[in-house]
Amino acid sequence: MLNHENPLKLKYKFIYFLGVEGSGKTTYFSLLLRLFTRCKIKARYIAIRSNHLFTYILMNIVSSIVPSIKERKQYYGDALRAFMNTDLWRRLYYPLLFYLDLLSVLVLALVKVLLPLHLGYVVVAENYVIDTLADIQRRLHLVGRKYALSVASKLLLRLIPMYSIVVYLYADYNTLCRRYLMRGSQTEPYAYISVRAKQLLNLLKFASNARIHIVDTRANILSVFRKILRSLFEQSR
């Protein structure tokens, strides 16, 4: 694919694989990683989904000073389960979760994406801000266009850098089910997959910094990978 006789130029500095579980993100992310390593392309590989860093810190602080939560933490063994289904959870955790997740992702994006780009690396992401926003939307039961257009969401989507491409991978539900079976993972319900795909595509509309390339992954792996490479590279002249 890449060789001295057929030199190719990478068109994007940031490459983001997006799609529902089973669509092929890890497969093509890994293939691209191997190709870049073999061709000595200076790259960083990341998978950022909010690790709830600041949420975790908040929960542990509160569970240490609020007696009722402290008792539940001693019983359940961790702060998250201690918070579940409490009045404090409903009044404090849910309203703050969205903004704490944004803050967590912002810190990770600065360190793992924006800094390496500034240092001249190509960055390839398997999970990034659109995945995080879809997770928060599902967790907080926020639906529809109003959420996607919120100021906070648009700010987070600005963390997708200039000179970026989002490769959106998809396959029909029967193909996804076969893949779940082959890898021994739980089969996700059709309703969940459908809603998740709509969430991702809805949020993707507002990724104004990136070119969007949609790829059907039902064909054989090599054929799909070649299609992805054609969108990433251009022939040098």
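The sections below set out a description of the structure shown in this document. As a convention, each chain's residues are numbered from 1 in the sequence order in which they are written. Where local features are concerned, this predicted model is filtered to residues with pLDDT of at least 70; where side-chain atom pairs are given and counted, the filter is 80 or more; whole-chain, interface and lining totals use all residues. The side-chain figures draw on all heavy atoms in the structure; neither hydrogens nor water molecules are used.

Grid points spaced at 1 Å over the protein atoms alone were grouped into cavities, where a 1.4 Å probe fits but cannot get out, and pockets, open sets with protein on both sides within 12 Å along at least five of seven lines, with lining residues defined by an atom within 4 Å of a point. Grid points are joined across faces, edges and corners, and a volume is the space filled by probe spheres set on the points. For the largest pocket, the calculated volume is near 360 Å³. Around the largest pocket, the lining is made up of 18 residues, and of these Gly22, Gly24, Thr27, Arg179 and Arg183 lie nearest the centre. The helix count covers DSSP runs of H or I at least four residues long, the strand count covers runs of E at least two residues long, and both are numbered beginning at the N terminus. Counting only elements with at least two residues in the lining of the largest pocket, the list comes to α1 (25-38) and α9 (173-183). Top element by residues in the lining of the largest pocket is α1. It accounts for four residues. Gly falls in the polar group here, along with every residue not listed as nonpolar (Ala, Val, Leu, Ile, Met, Phe, Trp, Tyr, Cys, Pro) or charged (Asp, Glu, Lys, Arg). Looking at side-chain class alone, the lining of the largest pocket contains five nonpolar, eight polar and five charged residues.

A separate point is the sheet that holds strand β4 (residues 122-125). Two strands pair if DSSP finds at least two bridges between them. If you trace the five strands from one edge of the open sheet to the other, you get β3-β4-β2-β5-β6, paired in parallel fashion. Pairing within the sheet leaves two strands with one partner each, and these edge strands are β3 (43-46) and β6 (210-216). When the angles between neighbouring strand axes are averaged without regard to direction, this sheet yields 15°. Across seven bridges, strand β5 (residues 164-170) lies against β6 in parallel orientation. Within the sheet, the bridge partner assigned to serine 164 lies in β6 and is alanine 210. Note on definitions: a residue-residue contact is assigned when non-hydrogen atoms from the two residues lie within 4.5 Å. Interaxial angle, 0 to 180 degrees, is taken between N-to-C directions of lines fitted to C-alpha atoms, where a helix line uses only the stretch in contact. Against the sheet, α1 makes contact with β2 (14-18), β3, β4 and β5, and its axis sits at roughly 155° relative to β2, the strand it touches most. Contacting β2, β5 and β6, helix α10 (residues 190-204) crosses the sheet at an angle of about 160° to β5.

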